[in-house]
Amino acid sequence: MTKYELEILRIISESSEHLSADEVFEIVKEKYPGVVRATCYNNLNRLTDEGLIRRILTENGGYRYDKTIRHDHLVCKKCGKIKDVYLNDMTSSFKMILGEDIESYDLKIYWLCPECRKGNES
């Protein structure tokens, strides 16, 4: 694993945020000023393909990156903020309903985050 892959994996594993590729690039650049954007993107793709990080498709068509620990997401319908939520694993329920194994699932629950909810009350 390259130093860039290791750094990206560390950043995503330690983050409580769901970072975009550009945000990851800016953090990597702080430690490795000579890194180029393409290197960061290529390493994000490689880490995702290897199953070491998770790519989340956002409502605007962009991606955010996350750790692979089993969890689901709350997505604010207004601002797009993503928050982790830990629900019981539903893989066996899906298998029972579908009658076959599933590879994985990505549950997104839509809500209004507290900040947007406050804005709607005004």
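Up top is the structure these notes are about.
Calculation criteria
- Sequence positions are assigned chain by chain, starting from 1 and proceeding in written order.
- Note on the predicted model: pLDDT of at least 70 is required for a residue's local features to be given, and 80 or more for side-chain atom pairs to be given and counted; whole-chain, interface and lining totals, by contrast, use all residues.
- Water and hydrogen atoms play no part in the side-chain values, which are based on all heavy atoms of the structure.
- Helix and strand labels come from DSSP, where a helix needs a run of H or I of at least four residues and a strand needs a run of E of at least two; each type is numbered from the N terminus.
- Expected span, for any helix, means 1.5 Å times one less than how many residues it has.
- Think of it in three bands: residues with accessible area under 20% of the maximum for their type are buried, residues over 50% are exposed, and the middle band is partly exposed, with areas taken using a 1.4 Å probe on protein chains only.
- Taking the helix axis as origin, the arc is that swept by the directions to the C-beta atoms.
- In this analysis, two residues are considered to be in contact whenever any of their non-hydrogen atoms come within 4.5 Å of each other.
- In short, DSSP must find at least two bridges between two strands for them to pair.
- In this analysis an axis means a line fitted to C-alpha atoms, helices contributing only their contacting stretch, and an angle means the value between N-to-C directions, from 0 to 180 degrees.
- A crossing counts as left-handed when the near helix is turned anticlockwise from the far one by less than a right angle, and as right-handed when that turn is clockwise.
- For this classification, Asp, Glu, Lys and Arg are treated as charged, while Ala, Val, Leu, Ile, Met, Phe, Trp, Tyr, Cys and Pro are nonpolar and the rest, including Gly, are polar.
- A side-chain nitrogen of Lys or Arg and a carboxyl oxygen of Asp or Glu constitute a salt bridge if their distance falls within 4 Å.

Over its twelve residues, helix α1 (residues 3-14) extends 16 Å from the first C-alpha to the last, a length consistent with the 16 Å expected when each residue adds 1.5 Å. When α1 is considered as a whole, its buried residues turn out to be Glu 5, Glu 7, Ile 8, Ile 11 and Ile 12. Angular distribution of buried residues about the axis of α1 spans 165°; they occupy a single face of the element. Here the buried face of α1 lies against α2 (21-31), α3 (37-49) and β2 (63-66).

Looking now at the sheet that holds strand β3 (residues 72-76). What links the strands of a sheet is backbone hydrogen bonding, and the strands pair in either a parallel or an antiparallel sense. Strands sit in the order β4-β3-β5 across an open sheet of three strands; the sheet is mixed. Across the chains shown, the open sheet's two edge strands, defined by having one partner strand only, are β4 (82-85) and β5 (108-111). Here the average twist between neighbouring strands, direction ignored, is 30°. Examined bridge by bridge, β3 and β4 share four bridges and lie antiparallel to one another. Across the sheet, residue His 73 finds its bridge partner in β4, namely Asp 84.

Moving on: the packing of α2 against α3. Two numbers describe a pair of packed helices, the interaxial angle and the distance between the axes. Running from amino to carboxyl end, α2 crosses α3 at an angle of 120°, the nearest separation of the two axes being 10 Å. Seen from above, α2 lies across α3 with right-handed handedness. Packed against α2, whose contacting residues are Ala 21, Asp 22, Val 24, Phe 25 and Glu 26, the element α3 presents Arg 37, Cys 40, Tyr 41 and Leu 44 at the interface. Looking at the contact of α2 with α3, its residues break down into six nonpolar, no polar and three charged.

Further remarks concern the pattern of salt bridges. Inspection of the entire model under this criterion finds eleven salt bridges. Where Glu 14 meets Arg 10, a salt bridge forms, and the shortest distance between an N and an O atom there is 2.8 Å. Of the two residues, Glu 14 and Arg 10 both sit in helix α1, four residues apart, roughly one turn of that helix. One salt bridge connects Glu 115 with Lys 81, and the closest N-O pair in it is separated by 3.9 Å. Here Glu 115 is found in helix α5 (residues 114-121), whereas its partner Lys 81 is found in the loop between β3 and β4, with 34 residues between them in sequence.

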